[in-house]
Amino acid sequence: MDLRESSQQAGTHFSQKFAVEQILFEKKSQFQHICVFHNTGLGRVLVLDNIVQTTELDEFIYHEMFAHVPLFSHPNPKSVLIIGGGDGGLLREVLRHPSVETVDMVEIDADVVHACRKFMPFICRDAYEDPRSNLIIDDALVYIQETEKTYDVILCDSTDPTGPSEALFSPAFFDMCSESLNSGGIFVNQCGIPFLRGNHHHKVIDDLGLVFSEVAAYQTTVPTYSGGPMVFVMATKNSGVIDLPVETINTRYTAAEFKTLCYNPAVHKAAFALPEYMTDPLWLKLRG
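Given the structure is predicted, the values throughout are model-derived calculations rather than measurements.

Next up on the list: helix α3 (residues 110–119). For α3, the full list of buried residues reads Asp-111, Val-112, Val-113, Ala-115, Cys-116 and Phe-119. Of the surrounding elements, those touching the buried residues of α3 are β3 (22–28), β4 (33–39), β5 (43–48), β8 (102–107), α4 (121–124) and β9 (133–137). Here α3 starts with a cap whose side-chain oxygen sits 3.0 Å from the backbone nitrogen of Asp-111, and that cap is Asp-109.

Soluble globular proteins tend to pack their nonpolar side chains together in the buried interior. In this structure, Val-80, Ile-82, Val-94 and Leu-155 are the most contacted members of the largest nonpolar core, which totals 43 residues. No other element matches helix α1 (residues 59–73), which puts eight residues into this core. If we skip the residues at most four places from it in the chain, Val-94 touches Ala-67, Leu-71, Val-80, Ile-82, Val-100, Val-103 and Leu-155. Listed in part, the 27 residues of the second largest apolar core include Ile-136, Met-176, Cys-191 and Val-233.

Our focus in this paragraph is the pairing of β3. Pairing analysis gives six bridges linking β3 to β4, with the strands arranged antiparallel. Counted as the bridge partner of Ile-23 is Phe-37 from β4. Linking two consecutive strands that pair antiparallel, namely β3 and β4, is a turn of four residues.

Moving on to unusual backbone geometry. Phi is positive for Arg-125, close to 55 degrees, though the residue is something other than glycine. Structurally, Arg-125 is set in the loop between α4 and β9. Under the relative-accessibility criterion, Arg-125 is labelled exposed at 53%. Positioned with a positive phi, Glu-257 is a non-glycine residue whose angle comes to about 60 degrees. Its place among the elements puts Glu-257 in the loop between α9 (246–256) and α10 (265–270). What makes Glu-257 exposed here is its relative accessible area of 71%.

The next point concerns the environment of Glu-214. Along the chain, Glu-214 falls in strand β12 (residues 214–220). Counting along the chain gives 21 residues from Glu-214 to Ala-235, while the straight-line C-alpha distance between them is 5.6 Å. Within the structure, the side chain of Glu-214 is placed 3.2 Å from the backbone nitrogen of Gly-240, a separation counted as a polar contact.

Another point: the environment of Val-69. For Val-69, the location among the structural elements is in helix α1. On the accessibility criterion, Val-69 (0% relative accessible area) is buried. Distance in space between the C-alpha atoms of Val-69 and Val-267 is 9.3 Å, their sequence separation being 198 residues. Sequence-distant contacts of Val-69, defined by excluding residues within four places in its chain, comprise Glu-64, Tyr-218, Met-234, Tyr-263, His-268 and Phe-272.

What follows deals with the sheet that holds β8. The strand order β9-β8-β7-β10-β11-β13-β12 describes an open sheet built from seven strands, whose pairing is mixed. Two strands bound the open sheet, and with one partner strand each, they are β9 and β12. Going across the sheet, the axis of each strand differs from the next one's by a mean of 15 degrees, ignoring polarity. Bridge count between β8 and β9: five bridges; the pairing is parallel. In the sheet register, Asp-104 faces β9, and the bridge partner there is Asn-134. Strand contacts of helix α6 (residues 171–179): β7 (79–84), β10 (151–157) and β11 (181–190), with the helix running at about 145 degrees to β11, the strand carrying the most contacts.

What counts as what
- Think of each chain on its own: its residues are numbered from 1, step by step along the sequence as written.
- Confidence filtering applies because this is a predicted model: local features only for residues at pLDDT of at least 70, side-chain atom pairs given and counted only at 80 or more, and all residues used for totals across whole chains, interfaces and linings.
- Water and hydrogen atoms were dropped before computing side-chain values, which therefore reflect all heavy atoms in the structure.
- Burial here depends on accessible area, computed with a 1.4 Å probe over protein chains only, as a share of the maximum for the residue type. Under 20% is buried, over 50% is exposed, and the range in between is partly exposed.
- A run of H or I in DSSP counts as a helix once it spans at least four residues, and a run of E counts as a strand once it spans at least two, with each numbered from the N terminus.
- A contact between two residues is defined here by any heavy atoms of the two lying within 4.5 Å.
- Any pair of N or O atoms that falls within 3.5 Å is considered a polar contact. Within protein, one atom must be able to donate a hydrogen and the other to accept it, and sequence-neighbouring residues count only if both atoms are side-chain atoms.
- Here the nonpolar core consists of buried residues drawn from Ala, Val, Leu, Ile, Met, Phe, Trp, Tyr and Cys, with membership extended through side-chain atoms lying within 4.5 Å.
- Pairing between strands is defined by DSSP: at least two bridges between the two strands are required.
- Throughout, an axis means a line fitted to C-alpha atoms (over the contacting stretch in the case of helices), and angles, computed between N-to-C directions, take values from 0 to 180 degrees.

The structure is reproduced here in structure tokens:
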């Protein structure tokens, strides 16, 4: 990695650059290249295979919206499975819910966990010390095939669908996750930036629709994910879970008694309203 800048590309027509002022950690793990560097404006930055994953300045947006939309959509989430999430931020936010009794986090790359715990501890904070959390270093595909445990919520916080994460966007994987959900359970997958990735999230919606009766995308804007809003796709077999009244969400949020910096019930409700370019079949076809 260039000591002056980190660049990530979408195809060959677009790039994003970050000033790399000090490299704090760099290693080629069994699965990917890992780097943590410092940037004066953004703080510490995690990069995997030269793609920025999270930054100190705006990580709370991604992690709050990923965790709290599904967990406040569920009436009483007790057991949660996190797939990926090696920076620990999603684990941190899930554990803020007082109803949660157990969280299994399955991360394939122990080196990512080590790097983030040592050089970005402000993300995970004390999540790994919480007695409700259980870190499992394993391939999530193998874990979901072999586990007999079931969950109220499954959150797939994988990297983009290339390399070790490619199988985590397959219909077969979605079907296995469906089988690992309790009655009324909720599954959520991150799907990146639709403006740059075309119909990727649309394919995920279609594939999830083969095994779940209700599927919908919701959006948020993470400033360092250049290219526009990103989307998550939420799926469930129970009606009424996705289109909750804002009053219901507000009741659950108030009862949880914790403070958020991005998420709130109104944002939760509004996040499911998508711009036309994310849903219009003609635009999606043109974008590819």
